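Structural characterization, general
Residue strings, one per chain:
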Amino acid sequence: MNRRVRLGTSCSNGRPNMKDDLPRGRPITVVVEQHTNPVFGSSSAVQPEGDLVRQAHADPIVVAAKHARLREHHVAPLVALADRIAAAEGLPQGAVPYPDPEFGGIHARALFLLDSPGPRAKLETGGSGLLSIDNDDPSAARAHTAYRTFRIDRGLCLHWNVCPFPTAKDQSSTSERTRAARYTRELLDLLPRLELVTLLGRAAEDGWRRADIRQNHLVVLDGPHPSNRGINAVAGNAERFQSTMRAVAVHLAQPPRLSGNRPAAHSQDAADGR
C-alpha cells in the first residue's frame, strides 16, 4: 500500500501538514486563501480563465529544440520506454509522446499522472509530441500557472499518462487503462528517486489502482484533471486543484528522501520475469 493523502478545503494555517508521523490515509486539510502566501511569495488565488496565456510550444522552434535533447541521459530511458510502448501497441515511433527534457526525467521526485495524451501532445494531431506544461492547451496552461504560482521546480518533476498511447476516444476506456497498467509499472521502475505521485482526474486514479503499485514509501495525492472539463465538472474543483499543487510544492521543499535504487514497482512482475 502507498500512503494516500486526500486534500480538503477547511481552514488551517494555509499549508498542508506533510509530517511523516501522520497515520496513513488520514485526511490532510488545506485552505485556498486569497492573499500572498508566506512560503511561496505569490498569490494562491485561483487564476481566472482569461489569464491563460500563449504557451511556449505554440512556437515550433521551441518544440524542435526540445526534441533535439531527447537523447540526454535523464530522459533517454523514458524515450526508449515510450518507443517500446508504441511498438507493443502497433504504433509508429513518436506516437507515444515523450517527456519534456526540461523536466527531471528519471531523476524526478514527483510524478504527475493524467489520463491519456491530448491533441496538443500528440504528433498525429499536430501537437508537440511531448508531455509538458508548455503545450498549447488549457490543461497545460493551468498546470503551468500552478507551477509558477507555487514555485514548483520542473527539474524535480515528470508528467506521464496512465494510458500513454493515443486512445480511441478523448478519454481512455476501462479496457485501455487495464491494458496500460503494465506500462505504469515499467515507468516506476525507471524512477529511483520518486517520492510523490499526483493523480489528476478520475481516470488517473483508476489507472493507478489497476497498476497495483507496491511501493510503501510513496506519498500519493489526488486532484481534479486540469482541463476545462475537469475543473468545471464539480463546484470547488478549481480550488481543489490549487490545493493539490500547493501540497506538491510543500513536499518538494523538503529534503529528498531517496537517492538510490529501490525494489521493483510490482513484486509479482519481478517474480514472473515481466
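Structure report, in brief. The model shown is predicted, which means the values in this text are computed figures rather than measured ones.

What follows is about the layout of surface pockets. Here the largest pocket defines a volume of roughly 1,000 Å³. Taken together, 45 residues form the lining of the largest pocket, with Leu114, Asp115, Ser139, His225 and Ser227 sitting closest to its centre. Taken together, the elements giving at least two residues each to the lining of the largest pocket come down to β6 (130-131), α3 (138-150), β7 (157-161), α5 (202-211), α6 (228-232) and α7 (237-252). Within the lining of the largest pocket, the residues separate by chemical class into 19 nonpolar, 16 polar and 10 charged.

Summed over the entire model, instances satisfying the criterion amount to 16 salt bridges. The salt bridge involving Glu102 is made with Arg154; its shortest N-O contact spans 2.9 Å. Placement of Glu102 in the loop between β4 (98-99) and β5 (110-114) and of Arg154 in the loop between α3 and β7 is noted, with a sequence separation of 52 residues between them. Here Arg177 and Asp206 are joined by a salt bridge, their closest N and O atoms 2.7 Å apart. Highlighted residues: Arg177 in helix α4 (residues 174-188) and Asp206 in helix α5, separated in sequence by 29 residues. There is no split in this pair, since Arg177 and Asp206 are both buried. Through salt bridges with shared partners, a single network forms among Lys66, Asp100, Glu102, Asp134 and Arg154.

Turning our eyes to something else, we now look at the nonpolar core. If you look at the biggest cluster of nonpolar residues, it comprises 36 residues, and the most contacted ones within it are Leu111, Leu113, Trp160, Leu187, Leu188, Val197 and Trp208. Elements represented by at least two residues in this core include exactly α2 (76-88), β5, β6, β7, α4, β8 (196-200) and α5. No other element matches the 6 residues that α2 contributes to this core. Val197 has contacts with Leu111, Leu113, Trp208, Leu218, Val219, Val220 and Leu221, leaving out every residue within four places of it along the chain.

Another point: the packing of α4 against α5. For the pair α4 and α5, the least separation of the axes is 8 Å and the interaxial angle reads 65 degrees. One finds that α4 runs roughly perpendicular with respect to α5. α5 is crossed by α4, and the crossing has right-handed handedness. Listed contacts from α5 to Thr174, Arg177, Thr178, Ala181, Thr184, Arg185 and Leu188 of α4 are Ala203, Asp206, Gly207, Trp208, Arg210 and Ala211.

In this section: the packing of aromatic side chains. Working definition: an aromatic ring pair is given by the centre-to-centre distance plus the angle between the planes. Considering all chains together, one arrives at 3 aromatic pairs under this definition. Both rings, one in Phe112 and one in Tyr147, keep their centres 5.9 Å apart while their planes meet at 40 degrees; by these two values the pair is tilted. Here Tyr147 lies in helix α3 and Phe112 lies in strand β5, a separation of 35 residues in the sequence. A relative accessible area of 1% places Phe112 in the buried class. We classify Tyr147 as buried; its relative accessible area is 4%. Taking the centre distance of 6.3 Å and the plane angle of 85 degrees together, the rings of Phe165 and Tyr183 count as edge-to-face. Residue Phe165 is located in the loop between β7 and α4, and its partner Tyr183 is located in helix α4; the two are separated by 18 residues in the primary sequence. In this structure, Phe165 and Tyr183 share a single accessibility class: buried. An aromatic cluster is present here, built from Phe103, Phe112 and Tyr147 joined pairwise through their rings.

Conventions and cut-offs
Residues numbered from 1 in each chain as written. Predicted model: local features only at pLDDT ≥ 70, side-chain atom pairs only at ≥ 80, totals over all residues. Heavy atoms only, no water. 1 Å grid on protein atoms, 1.4 Å probe; cavity = no way out; pocket = protein on both sides within 12 Å on 5 of 7 lines; lining within 4 Å. Points joined across faces, edges and corners; volume = space filled by probe spheres on them. Helix = DSSP H or I, 4+ residues; strand = E, 2+ residues; numbered from the N terminus. Nonpolar A, V, L, I, M, F, W, Y, C, P; charged D, E, K, R; others polar. Salt bridge = Lys/Arg side-chain N within 4 Å of Asp/Glu carboxyl O. Buried < 20%, exposed > 50% of the residue type's maximum accessible area, 1.4 Å probe, protein only. Core = buried A, V, L, I, M, F, W, Y, C linked by side-chain atoms within 4.5 Å. Contact = heavy atoms within 4.5 Å. Axes fitted to C-alpha atoms, helices over the stretch in contact; angles between N-to-C directions. Parallel < 35°, antiparallel > 145°, perpendicular 65-115°, else oblique. Left-handed = near helix turned anticlockwise from the far one by under 90°. Phe/Tyr/Trp six-rings, centres within 6.5 Å; stacked < 30°, edge-to-face > 60°.

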